[in-house]
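# Notes for the structure review
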Amino acid sequence: MNLKIVVCVSIALLSSLVAIIYFQSVNPDPLMKRQDEFYSQPPESNKDMVLLLGASHVGQLNTTKINEIVSETYDNFVVYNLAYNGDNPQKRFSSMVKILALKPKIIVYGISYRDFESKTLIENDWLRPDQLVGYILQIDTTPFQINPKLTTLQAIRDAVNDDELFASRRQMTIPNTPFFPYHEDQLVIIPNAAINNMAGTTEGAGLFVETPEKTRQLVYLKKMIDVFSDNEIKIALFSAPLHQTYLADLPDTSKTNFSLILDDVAKNHDVKLYNYTSKYSQLNIWANTDHVAYNKMSMVYSEDIAQIILGEAGN
Amino acid sequence: MLFNTPDFIIFFIIFLTTIAIVKNREFQHIFLLIASYFFFYYSSNYLIVLLLYTTIWDFYLGKAIYAANSVKKKKALLITSLAGNLGLLGFFKYADFAITQFNVLGHQFNVAEQIPLLNLALPIAISFYTFHSIGYIIDIYRGQITPTKSLRDYAIFVAFFPQLVAGPILRAGHFLPQLRQKLENFQTNAALRQILIENTNLKLGITMMTLGFFKKMFFADNVAPMVNDIFANPMGLDSFTIMLGAIAFGIQIYGDFSGYSDIALGAALILGLKIPINFNKPYFATSPSDFWRRWHISLSTWLRDYLYVALGGNRKSKPRTYFNLMTVMFLGGLWHGAAWNFVVWGLLHGAYLAIHKVLVDLFPGAAKNKFFASKAGIVFSILVTQYLVFLTWISFRVQNFDHMTYAMQKYIILDFQTTETLRFIVSHKFPFVIMIMFIILHVISYKKQNLPERISNFKPVTWTIFLTVVMMAILFFFDGNPEDFIYFKF
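A brief report on the enclosed structure follows.

Reading guide: rules and limits
Going along each chain's sequence as written, the residues are numbered from 1 onward. Chain labels run from A onward and ligand labels from 1 onward, assigned in the order the entries are written. Thresholds applied to this predicted model are a pLDDT of at least 70 for local features of residues and 80 or more for the giving and counting of side-chain atom pairs; totals over whole chains, interfaces and linings are not thresholded and use all residues. Hydrogens and water are ignored here; the side-chain numbers use all heavy atoms of the structure. Helix and strand assignments follow DSSP, with helices taken as H or I runs no shorter than four residues and strands as E runs no shorter than two, numbered in order from the N terminus. Note on method: radius of gyration uses C-alpha positions; expected globular size equals 2.2 Å times residues raised to 0.38. Partly exposed describes any residue whose relative accessible area lies between the buried limit of under 20% and the exposed limit of over 50%, with all areas from a 1.4 Å probe on protein chains only and scaled to the type maximum. For this analysis, residues touch if any pair of their heavy atoms sits within 4.5 Å. Positive charges are assigned to Lys and Arg, negative charges to Asp and Glu, while His and the chain termini are left out of the count. Charge placement uses NZ in Lys and CZ in Arg. For Asp and Glu, CG and CD serve respectively. Strands pair, by our definition, only if DSSP identifies at least two bridges between them. Each of two parts loses accessible area, computed with a 1.4 Å probe, when they are put together; buried area is these two losses added. Salt bridge criterion: a side-chain nitrogen from Lys or Arg within 4 Å of a carboxyl oxygen from Asp or Glu. N or O atoms within 3.5 Å of each other form a polar contact, as long as, within protein, one can give a hydrogen and the other can take it, and as long as residues adjacent in sequence are counted only when both atoms are side-chain atoms. Under the convention adopted here, Pro, Cys and the residues Ala, Val, Leu, Ile, Met, Phe, Trp and Tyr are nonpolar, Asp, Glu, Lys and Arg are charged, and Gly plus all remaining residues are polar. Any Phe, Tyr or Trp ring, taking Trp's six-membered ring, that has another such ring centre within 6.5 Å forms a pair; planes under 30 degrees apart are called stacked, those over 60 apart edge-to-face, and the others tilted. Charges are assigned to positions over rings by a cutoff of 6 Å between ring centre and Lys NZ or Arg CZ, combined with an angular limit of 35 degrees from the ring normal.

### Quick notes on the overall build of chain B
- Looking only at helices and strands, one finds 21 helices and zero strands in chain B.
- Radius of gyration (C-alpha) of chain B: 23 Å, near the 23 Å computed for a compact globule of 490 residues.
- The proportion of buried residues among the 490 residues of chain B is 56%.
- A separation of at least 24 residues holds for 75% of the contacts in chain B among residues at least 6 apart in sequence.
- Here chain B carries 40 positive and 24 negative side-chain charges, and the mean point of each set is 13 Å from the other.

Take a look at the structure:
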């Protein structure tokens, strides 16, 4: 093997790796940046923390409203919504240490069909060499999640400034909701009639959920519940609400398997489970088929979550 | 193990380093086999048993066919081998599809009882290694090759890791002799060939692998979000959006599959082993038959040699030739997956080939026609062929039958609406730019033949700059969630 060729490849590989690492450090992923800022300097408060966790369906909750309701009864509590787009139990599990460091008293975790999509099948972990190290050492070997593409596109947007090329949507942040940027279209209620017209075209139509034993994300959800319980943190789960059009599009097997997953969690863990999947399915409160709008007319969702917190706090 | 993961890079570096350090031939060959099995086991765990079964089954049956002293006995052994191979493939890949069709049929006749689905895991690469093995057996049966005496050689042929998961489909007559010093007729008495990593092969191999990663991770993976968005539910979309989706998917699947093939060819070449090319600028094909001489070449030639010829090829009547073409492409479609959309895809290509054959038979002089021989004529032929090819990509991509028929109808009968198309382009500017870049680079690679060889002949500094630029493009636009290779599931 020619040393010269090996040197050329090594230089190419190293220089591109150094470049990407440098670029990432200068322009961190917006979400990671927000998370680092929050976790490295958590808000100073002598109040007990209540954390809302989950993906975008939890992000749509009005944390200000929830705080108002909770503080009427328990003024020693402060609620933070740590939802972010694309969250799932596996990703959330990777930041468990940081969450525990916040010493929360109550965790309210919102789950949905998307969290258990069948692309995350479990495959006899102990039989797989790539999982073997983690299995033996009992550690999580999930690779560090980075998304250089997101950062690169953001840098291009910043570089071209006002140019419309790759322009991102305008966004705003809401108090006590550090990881979830709000776009204008998340605030607007779309009339039910318009949403009903989306029948057959929602994401639910192609969303397949496997049985509990084949669902990798369930393993992480259970691990997470165990860790919270071991640390004497109260945890409540709720299934996120969906519009009737979305629910009608979901394959029957997905509905059955999602119910089995919820049953599995409820039976095997000391955790309260609130099923809100179809609770507001016909109400006029939706931004789209799977997200309640962040709007004053949609407070019923936030009020119900506040009641979960009050229930847990009273136990 | 996915090629586009750090796991593979680490695996390959360790493998190459070991091969480069330990020169013992016996060790190198055994190590190559163990590495191939490890590669497969890494993502398939216990399903490796099926690969071992296929290897042992056909190794001994191949020998038995060769040793059989009567045609009748040879035929019986051939059928046994085929039953073993196709039975395995059929059971794991098509059982649930067949049960579903049976249940649907039962429902039509008011049969209340439903046969429960088996819900079997689809073994990765089963379609590929089964075809390797069947080809070997048929070649022995036809007397075109003699069986290898070495089980190890045969096992390497079936499990050779660079091409194990998604091809190209190997031919025993081409690959097995490369494991020996004397390149003739499986001389197992001849010494094992030492695996030497030669400079020319190494440089060209690395170049091909880099280009393969570039096609897959830069082009295919970055176009995928737009394709997914369009075809997740195409109902209500206008014609130009569907066309945009079809073109984007054409780019995605080409980048994905030819990228995989390039990595496989490059990895094999570094070891001094030549495996057949799988793609030759298919989007510049000037007719359906030309397309199949350029797209998934190892599959199309396999189907031609072992199925089309066995059916009689074009040696019988003209209608029979057309029928044979349709049958071969129907089965070729079904080979890709147990779903009706693949059947439609295969049948469409079968129809194209048959119609093209009819036209060639009716107008034998058309190819020499002044217009078709001119530049404009060639461009016209390419555009017409690709219009038809991209129509078939819709059926390949969209599984839902209603969605598929809607999208195909919109593709054929244009509505000249542009609102949705503009919206899709505006919300997917990056994939759109990637598509344009792909088209430009594709035209350049068509005009400049043997691009990988040209690049590998660059001076070291230029070559290093090339590698750095490509690697940076891959890394900077990597979205942290590697997409599976599309052909992995076949």
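### Let's talk about the pairing of strand β2 (residues 77–81) of chain A
Residue and element names in this part refer to chain A.
- Counting buried positions along β2 gives five out of five residues, so the element sits mostly inside the fold.
- Of the two faces of β2, the one lined by F77, V79 and N81 and the one lined by V78 and Y80 are each fully buried.
- Across five bridges, the pairing between strand β1 (residues 48–53) and β2 is parallel. Each bridged residue has a counterpart across the sheet, and for L51 the counterpart in β2 is Y80.

### Brief notes about unusual backbone geometry
- For A:N176, which is not glycine, the phi torsion reads 60° and is therefore positive.
- Topologically, A:N176 is positioned in the loop between β4 (171–174) and β5 (177–183).
- Phi at B:N110 is positive, roughly 55°, even though this residue is not glycine.
- Mapped onto the secondary structure, B:N110 falls in the loop between α4 (71–108) and α5 (126–141).

### A word on the interface of chain A and chain B
- Taken residue by residue, the interface counts 37 residues in chain A and 36 residues in chain B.
- Roughly 2900 Å² of surface becomes buried between chain A and chain B when both sides are summed, with 70% attributable to carbon and sulfur atoms.
- The interface formed by chain A and chain B includes zero salt bridges.
- Inspection of the chain A/chain B interface yields three residue pairs in polar contact (both at pLDDT 80 or more).
- Those elements giving two or more residues to the side of chain A that touches chain B turn out to be α1 (3–26), α7 (129–137) and α8 (148–160) of chain A.
- If you tally residues by element for the side of chain A that touches chain B, the top one is α1(A), at 13 residues.
- For the side of chain A that touches chain B, the residue count by class is 20 nonpolar, ten polar and seven charged.

### Digging into the packing of aromatic side chains
- Tallied over the entire structure, the rule returns 76 aromatic pairs over all chains.
- With 5.6 Å between their ring centres and 50° between their planes, A:Y74 and A:F77 make a pair best called tilted.
- The lysine or arginine in question, A:K223, covers the ring of A:F93, its NZ or CZ lying 5.5 Å from the ring centre.
- Stacked on the ring of B:F424, the Lys or Arg B:R423 has its end atom at 4.9 Å from the ring centre.

### Observations regarding the pattern of salt bridges
All names here are of chain A.
- Under the criterion given, the structure shown has 17 salt bridges over all chains.
- In this structure, D264 engages K222 in a salt bridge whose closest nitrogen and oxygen atoms are separated by 2.8 Å. Here the residue D264 occupies a position in helix α12 (residues 252–268), and K222 occupies one in helix α10 (residues 216–230), the gap between them amounting to 42 residues.
- One continuous salt-bridge network, built from bridges that share partners, spans R114, E203 and D290.

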